[in-house]
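Residues per chain, in single letters:
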Amino acid sequence: ELVRWDTEWRKKGLFIIDGETVIDRSREEPVRDRQVSAIAMDREGRLWVGTSDRSLFRGDGDSFVVMPPALTPENRIETMHVDPFGYVWLGTVDGAYRLAGEKLEQYARFVGSRSKSGYVSALPISHIWAITSDREGHIWLGSSESGLIQLRSGRFQRITANDGLPSGFVDT
């Protein structure tokens with residue numbers, strides 16, 4: 001099963017490709033008329049959908065569940081990742097968040113932004129464009145100015161141009 005979303009500003013859509021069949025989910029509520037900006041699939045096969053208007057949905061079979069505002073970040077969701085432990089990570093303009101059950105934790109933030117709840121790092125980072133995890137479950141963040149950031153055992157380590165990256169911008 002392949003999930004595709006249309007990210008052109010003039011078009012909106014979420015399409016699921018299952019073998020030879022293309023299923024257009026963009027006409028369904030609550031995804032209708034929203035620009036999908038990020039998707040991820042968890043271990044249970046549920047589809048997580050983030051939008052440019054900071055909405056977060058979880059696909060449960062044939063329908064979507066809207067996550068309450070307390071479980072959504074304050075800014076546009078740019079990227080998502082489900083780690084090996086089942087946590088859903090969200091990358092936004094103002095940092096990285098982790099959805100842990102019924103709690104949204106802000107793990108890294110852009111200096112000057114305010115935290116809604118949870119743990120906030122002292123690490124000044126910028127816009128998060130990419131999130132992934134390695135075999136050991138450590139989280140890696142790609143940012144627009146702060147390079148590559150690894151979260152390991154609750155501590156951050158930055159890898160920047162000074163360490164050999166071509167620039168501070170990491171987006172995939």
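Note that the coordinates shown come from a computational prediction; the quantities given were computed from them, not determined experimentally.

Visitor: What am I meant to see in the nonpolar core here?
Guide: One broad rule of soluble globular proteins: the nonpolar side chains tend to lie buried together. Within the largest apolar cluster, 14 residues are counted, with the highest numbers of intra-cluster contacts made by Trp-48, Leu-56, Ile-77, Met-80, Val-88, Leu-90 and Leu-99. The element that contributes the greatest number of residues to this core is strand E8 (residues 77-82), accounting for 3 residues.

Visitor: Would you mind going over the sheet that holds strand E4 (residues 36-41) with me for this structure?
Guide: Note on sheets: strands pair through backbone hydrogen bonds, and any given pair is parallel or antiparallel. Spatially, E4-E5-E6-E7 is the arrangement adopted by the 4 strands of the open sheet, whose pairing is antiparallel. If you trace the sheet from one side to the other, it starts and ends with E4 and strand E7 (63-66), each paired once. Each neighbouring strand pair of the sheet contributes to a mean axis angle of 25 degrees, computed without reference to strand direction. Relative to strand E6 (residues 56-60), strand E5 (residues 47-51) is paired through 4 bridges, and the arrangement is antiparallel. Directly across from Trp-48, in E6, lies its bridge partner Arg-58.

Parameters at a glance
- Residues numbered from 1 in each chain as written.
- Predicted model: local features only at pLDDT ≥ 70, side-chain atom pairs only at ≥ 80, totals over all residues.
- Heavy atoms only, no water.
- Core = buried A, V, L, I, M, F, W, Y, C linked by side-chain atoms within 4.5 Å.
- Buried < 20%, exposed > 50% of the residue type's maximum accessible area, 1.4 Å probe, protein only.
- Helix = DSSP H or I, 4+ residues; strand = E, 2+ residues; numbered from the N terminus.
- Pairing = 2+ DSSP bridges.
- Axes fitted to C-alpha atoms, helices over the stretch in contact; angles between N-to-C directions.

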